[in-house]
Every structure is written in C-alpha cells, then in structure tokens.
Amino acid sequence: MAKSAPPRPRQRRRMENFRKVRSEEAPGGEGAEGGGPGSGPFADLAPGAVHMRVKEGSKIRNLLAFATASMAQPATRAIVFSGCGRASTKTVTCAEILKRRLAGLHQVTRLRYRSVREVWQSLPPGPAPGHRPGEPAASLSVLKNVPGLAILLCKDALDPRQPGYQPPDAHPGPSSQPAAPTSKRGPGGAAAAEGSAKRLRPEPGTAEERPTA
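From a predicted model like this one, the values you see are computed outputs, not experimental measurements. (Residues numbered from 1 in each chain as written. Predicted model: local features only at pLDDT ≥ 70, side-chain atom pairs only at ≥ 80, totals over all residues. Heavy atoms only, no water.)

Colleague: Could you give an account of the overall build of the protein, naming the residues involved and the relevant values?
Modeller: In terms of helices and strands, the protein carries 3 helices and 6 strands. Counted from the first residue to the last, the protein has its helices and strands arranged as β-β-α-β-α-β-β-β-α. Taking the intrachain contacts of the protein between residues at least 6 apart in sequence as the baseline, contacts between residues at least 24 apart amount to 80%. Accessible surface, the protein: about 16,100 Å² in total, of which carbon and sulfur atoms supply 54%. (Helix = DSSP H or I, 4+ residues; strand = E, 2+ residues; numbered from the N terminus. Contact = heavy atoms within 4.5 Å. Areas by Shrake-Rupley, 256 points an atom, 1.4 Å probe, with all protein chains shown as cover.)

Colleague: Lay out the pairing of strand S2 (residues 50-53) in plain terms, naming residues and giving numbers.
Modeller: Because side chains alternate across S2, one face comprises the buried residues Val 50 and Met 52, and the other comprises His 51 and Arg 53, none of which is buried. Two elements, S2 and strand S3 (residues 78-84), share 4 bridges in a ladder whose sense is parallel. Bridge assignment links Met 52 to a residue of S3, and that residue is Phe 81. Crossover handedness for the path S2 to helix H1 (residues 60-71) to S3: right-handed. (Buried < 20%, exposed > 50% of the residue type's maximum accessible area, 1.4 Å probe, protein only. Pairing = 2+ DSSP bridges. Right-handed = clockwise from strand over helix to strand, strands pointing away.)

Colleague: Quick one: what's the story with the nonpolar core, residue by residue and with numbers?
Modeller: Met 52, Ile 79, Phe 81, Leu 98 and Leu 153 are the most contacted members of the largest nonpolar core, which totals 17 residues. Among the elements of the structure, S2, H1, S3, helix H2 (88-101) and strand S5 (139-154) are those that each provide at least two residues to this core. Sort the elements by how many residues they give to this core and H1 lands first, with 4 residues. Setting aside anything within four residues of it in sequence, one finds Phe 81 in contact with Met 52, Val 54, Ala 67, Thr 91, Cys 94, Ala 95, Leu 98, Leu 149, Ala 150, Ile 151 and Leu 153. In this structure, Val 80, Val 108, Ala 150 and Leu 152 belong to the second largest nonpolar core, which totals 7 residues. (Core = buried A, V, L, I, M, F, W, Y, C linked by side-chain atoms within 4.5 Å.)

Colleague: Tell me what's going on with the pattern of salt bridges, and back it up with residues and numbers.
Modeller: Applying the stated criterion across every chain, the model contains 6 salt bridges. The residue Arg 77 makes a salt bridge to Asp 156 at a minimum N-O spacing of 2.6 Å. Of this pair, Arg 77 sits in the loop between H1 and S3 while Asp 156 sits in the loop between S5 and strand S6 (165-166), and the two are 79 residues apart along the sequence. In this structure Arg 77 comes out as partly exposed when scored by relative accessible area, which is 33%. As a salt-bridge pair, Lys 144 and Glu 118 come within 3.5 Å of each other at their nearest N and O atoms. With Lys 144 in strand S5 and Glu 118 in strand S4 (residues 106-122), the pair connects residues that are 26 residues apart, well separated along the chain. Within the structure, one salt-bridge network assembled from shared partners comprises Lys 20, Glu 118 and Lys 144. (Salt bridge = Lys/Arg side-chain N within 4 Å of Asp/Glu carboxyl O.)

Colleague: Lay out the packing of H1 against H2 in plain terms, naming residues and giving numbers.
Modeller: A pair of packed helices is captured by two measures, namely the crossing angle of their axes and the spacing between those axes. Taken N-terminus to C-terminus, the directions of H1 and H2 make an angle of 40°; their axes are 10 Å apart at the nearest point. One way to sum up the angle between H1 and H2 is to call them oblique. Between H1 and H2 lies a crossing of right-handed hand. Contact with H1, carried on its side by Ile 60, Leu 63, Leu 64, Ala 67, Thr 68 and Met 71, involves Lys 90, Thr 93, Cys 94, Ile 97, Leu 98 and Arg 101 of H2 and no other residues of that element. Across the contact of H1 with H2, the residue classes break down as 8 nonpolar, 2 polar and 2 charged. (Axes fitted to C-alpha atoms, helices over the stretch in contact; angles between N-to-C directions. Parallel < 35°, antiparallel > 145°, perpendicular 65-115°, else oblique. Left-handed = near helix turned anticlockwise from the far one by under 90°. Nonpolar A, V, L, I, M, F, W, Y, C, P; charged D, E, K, R; others polar.)

Colleague: For H2, give the residues involved together with the corresponding values.
Modeller: End to end, H2 covers 20 Å across 14 residues, agreeing with the expected 20 Å (1.5 Å per residue, within 8%). For H2, the complete set of buried residues consists of Ser 88, Thr 91, Cys 94, Ala 95, Leu 98 and Lys 99. One side of H2 holds all its buried residues, which, seen down the axis, span an arc of 130°. Along H2, exposed side chains directed more than 90 degrees from the buried face belong to Thr 89 and Arg 100. Residues of H2 that are buried in the fold lie against H1, S3, S4, S5 and S6. (Expected span 1.5 Å × (residues − 1). Arc of directions from axis to C-beta.)

Colleague: Explain H1 residue by residue, including any values.
Modeller: Counted at 1.5 Å a residue, the expected span for H1 with its 12 residues is 16 Å, and the 16 Å between its end C-alpha atoms agrees. Those residues of H1 lying buried are Leu 63, Leu 64, Ala 67, Ser 70 and Met 71. Down the axis of H1, the buried side of the element spans an arc of 130°, and every buried residue falls inside it. On its buried face, H1 is in contact with S2, S3, H2 and S5.

In structure tokens:
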C-alpha cells in the first residue's frame, strides 16, 4: 500500500509580516441601539454626569474607587460605564458592584458599536511582496466594527418605558418576628407520646400498691 504524501506546510499569512502601529476610533463610528451612527448612547444626560471608559487593561479596583467617590457627592446624579470588545465584561462587573454599594440606583443599558481603525506596518526583515528597497514601509488600514455596551446608573427616577431600563434592587430588611420553633416529631410520634402518657396515668377506682414491711 502506497503511503500518502505528507501535507505541505501552510503558507504563512500575509499579516504575519506586519505589526500594528496604532489603533484609533474612526470619525462618526459610534452608534447606539435606537439611534443613528455618531449619536451618543445617552444624549440627554446632565452636564455633571461622570463617564467611565472601561478598557481591557483597566483595573476594576481603580475604576470603582473613583466611581464611588464621585457618586458620593450630592452634585453627581448619574454615572455611565462604557466599554467595547473584551472590556464589556468588566463594564458589567463595575456597574453591578456599584449598585450593591449604593442602593436605589436606576439602570439603563444600551447596546452599541464602535468603528475602530487599525494601522499596520510591514516589518523590516520581511517587507511586503512587491516592495522595492528604499521605498517607505508599506502600511495597511483595517476598519473594524467592535460591539460594546453602555450602562447608565442614575440616582433620579428614569422613564421605565425606555428599552433597557432596570429598577433599583429591593433589599428587604431582616424580619423582627422570631421564627416559630419547629417540632422534630412527626404526626405518628405525637400520637405515640400521647398514648404512653395515658398508660402512665392510674385508672380511677384502683388503689396504689404500697410495699409491705
């Protein structure tokens, strides 16, 4: 039986000869659910609202320290956590922890996308095919639409009819009435105990036997 020829090594991707130089947000590349491109997720916010931009390398502890201190001020009525791509998970985590620290916050969540332009440049050891010596390094521009979300937390009441609204979490206090003690005996055990108590009682008309000397 003839042996099959070994598979040929895959051709290296052309992008391996490039390195990413920078990443920037494309103009007019932000859209929100229910709004056109270029419109912010919350256009009717008060001027004193705090906007926290969560990134992939952001520290949740640092974000929450600043957010908690800002929301503790009476003048600050709202805060927005926004993140896209891999930072979406941290965005949700920051909002949930802040809701536990500060009760009574109204929440509105909006889905959106951001257009990010990545600029790639060819590596010096391996120039791009067709590149002549002495010419500037070849570059590529890649446009990506990255999904993300924005979470608004507000001290004031919001319109509950708008999409993505979530009322404040209810935290009921502990009950002041003590719980009624539960008996471990079942129905059969209670009947047996009552029957044994009847057997121990002396029957009427019978004298109690006393030991004789």
